[in-house]
Amino acid sequence: MTPIGIFSVDAGVEHQFSVNPKGYLTAVFRYVKPKLGLVEAGYLIRTDHRIEPELDGQSLAAAQGGLLRVDATEAEPGEVTRLKISDVPQDTPVPTASASTCPGSGSTEVELPEVSAGDSVEDTVAELAAACLNVQYASEAADADEGTVSRVVVPTTVPGGEVQLPPADDGAPGPGDKVTTDERRVATVFVVAPPEEPSPTPTDTSASPTATATDTATPTDTTPPAGTTTVLGTASAPVRAEPSTAGPQVSSIAEGFTYDALCWQHGEEVTAHGRTSDVWIQLRRDNGETGWVTATAIDGDPETVVPALC
């Protein structure tokens, strides 16, 4: 998994992520970031074959290439939205729209499919794809089984317009009706999340979404554990097994995210991100192990941002 970056966006408009080579999936989080407002964070994930994504522990439709979008704009302050990508072969095909029947871009008239609360996410995404609708996911508490669909919101070209399935009231557009939508705006599939449990410790308002593949450095949004210092990433950079660019990459950090740092030491001199330094910072990873990142990707003076020398 490689972070692409964090981009400011306007309401109702998606950032056009152009980095999407063959054999990769682009995962995108849409959320509200303090001081920046509405943003989208992109991650490039290698997918040689179909993978099984989970949103907050709930299975989504199988995926391979293209975009997988998650809308976390309704998350409460301090709440973390997690997308888990598992390298598990799928027995079912990845739902895709037919290239021969769907326009490549611009506005198009689509026929709304049948959607009911409690429907399978896999089947619902297949129906939306067949109707030439791109999708993103969001989780919410609802009166239906966990991991099923609670509702789908389809944006239309009418300013501020959207259609909900199943319909919110008897007079609203429903299955079989036609609406005009824009390929730059995506339908949101709301997946029923498990009941929220109270947090045992207070959280601040700067929580950011995370995407995990095999392993990542651990973003932190609370008081760091004893013996660690919170550091801010100023650029996307690999986390390595050794304090050297020759060391195997074991994880990565992203610009704008904070991490738990243990200590620092001198290593290979690196010139990157507009800076030169031979300082490497040891980070705590989410699997309990550690890794090293060049200080050129961390905010602050290389030799004082982390007080402890390894």
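Residues numbered from 1 in each chain as written. Predicted model: local features only at pLDDT ≥ 70, side-chain atom pairs only at ≥ 80, totals over all residues. Heavy atoms only, no water.

**Some points on the state of the cysteines**
We apply this condition: Sulfur atoms of two cysteines make up a disulfide when they are within 2.5 Å. Each helix is a run of H or I in the DSSP string that is no shorter than four residues. Each strand is a run of E no shorter than two, and both are numbered from the N terminus. Each residue is placed in one exposure class: buried if its accessible area under a 1.4 Å probe, protein chains only, is under 20% of its type's maximum, exposed if it is over 50%, and partly exposed if it falls in between.
Counted according to the given criterion, the structure contains one disulfide. There is a disulfide in this structure between C263 and C310, and the S-S distance comes to 1.9 Å. An S-S torsion of about 95° defines the bridge between C263 and C310 as right-handed. In this pair, C263 is assigned in strand β18 (residues 258-272) and C310 in the segment after β20 (290-294), connecting sequence segments 47 residues apart. Under the relative-accessibility criterion, C263 is labelled buried at 8%. Accessibility expressed as a relative area gives 43% for C310, which makes it partly exposed.

**Let's talk about the pairing of strand β9 (residues 135-140)**
How we decide: For two strands to pair, DSSP has to find at least two bridges joining them.
Most of β9 sits out of view: five of its six residues are buried. In this sheet, β9 lies alongside strand β6 (residues 66-71) in parallel orientation, the contact comprising two bridges. Paired with R69 across the strands is Q136, a residue of β9. Pairing of β9 with strand β13 (residues 187-192) involves six bridges; the strand directions are parallel. Bridge pairing in β13 links S139 to V191.

**Considerations on the pairing of strand β2 (residues 24-33)**
Burial within β2 is extensive, with eight of its 10 residues counted as buried. The pairing of β2 with strand β3 (residues 37-46) spans 10 bridges and is classified as antiparallel. Following the sheet pairing, R30 is matched in β3 by E40. From the end of β2 to the start of β3, which pair antiparallel, there are three residues, and K35 there has a positive phi angle of about 75°. The pairing of β2 with β6 spans six bridges and is parallel. When the bridges of β6 are listed, F29 appears paired with V70.

**Concerning the pattern of salt bridges**
Applied cut-off: Whenever Lys or Arg places a side-chain nitrogen within 4 Å of a carboxyl oxygen from Asp or Glu, that contact is recorded as a salt bridge.
This structure, assessed with the given rule, holds five salt bridges. A salt bridge links E40 to R30, with the shortest nitrogen-to-oxygen separation between them at 2.6 Å. One end of the pair, E40, is in strand β3; the other, R30, is in strand β2, with 10 residues separating them in the sequence. With relative accessibility at 0%, the residue E40 sits in the buried group.

**Regarding the side chain of R285**
What counts here: Here a polar contact is taken to be a pair of N or O atoms separated by no more than 3.5 Å, where protein atoms must pair a possible hydrogen donor with a possible acceptor and residues adjacent in sequence count only if both atoms sit in side chains.
Topologically, R285 is positioned in the loop between β19 (275-284) and β20. Since its relative accessible area comes to 7%, R285 is described here as buried. Of the polar contacts made by the side chain of R285, one reaches the backbone oxygen of T290; its length is 3.3 Å.

**Some thoughts on the packing of aromatic side chains**
Our working rule: Aromatic contacts are taken between Phe, Tyr and Trp rings whose centres are within 6.5 Å, Trp giving its six-membered ring; a plane angle under 30 degrees counts as stacked, one over 60 as edge-to-face, and the others as tilted. Placement of a positive charge over a ring is assigned whenever Lys NZ or Arg CZ falls within 6 Å of the ring centre and within 35 degrees of the normal to the ring plane.
One pass over the full model with this rule turns up one aromatic pair. An angle of 90° between the planes, with centres 6.1 Å apart, marks the rings of F29 and Y43 as edge-to-face. Within this pair, whereas F29 is found in strand β2, its partner Y43 is found in strand β3, the two being separated by 14 residues in sequence. The pair formed by F29 and Y43 is uniform in burial state, with each residue classed as buried. Directly above the ring of F190 sits R151, whose terminal nitrogen or CZ lies 3.9 Å from the centroid.

**What about helix α1 (residues 121-130)?**
Heads up, the condition is: Note: the arc covers the axis-to-C-beta directions of the helix. Only heavy atoms matter for contacts: two residues are in contact if any of them lie within 4.5 Å across the pair.
Of the residues making up α1, those classed as buried are V121, T124, V125, L128 and A129. Considered in projection along α1, the buried side chains sweep an arc of 135° and stay on one side of the axis. Elements that come into contact with the buried residues of α1 comprise β5 (58-59), β9, β10 (149-155) and β13. Its side-chain oxygen 3.2 Å from the backbone nitrogen of E122, S120 forms the N-cap of α1. One or two residues past the end of α1 sits C132, with phi positive at roughly 70°.

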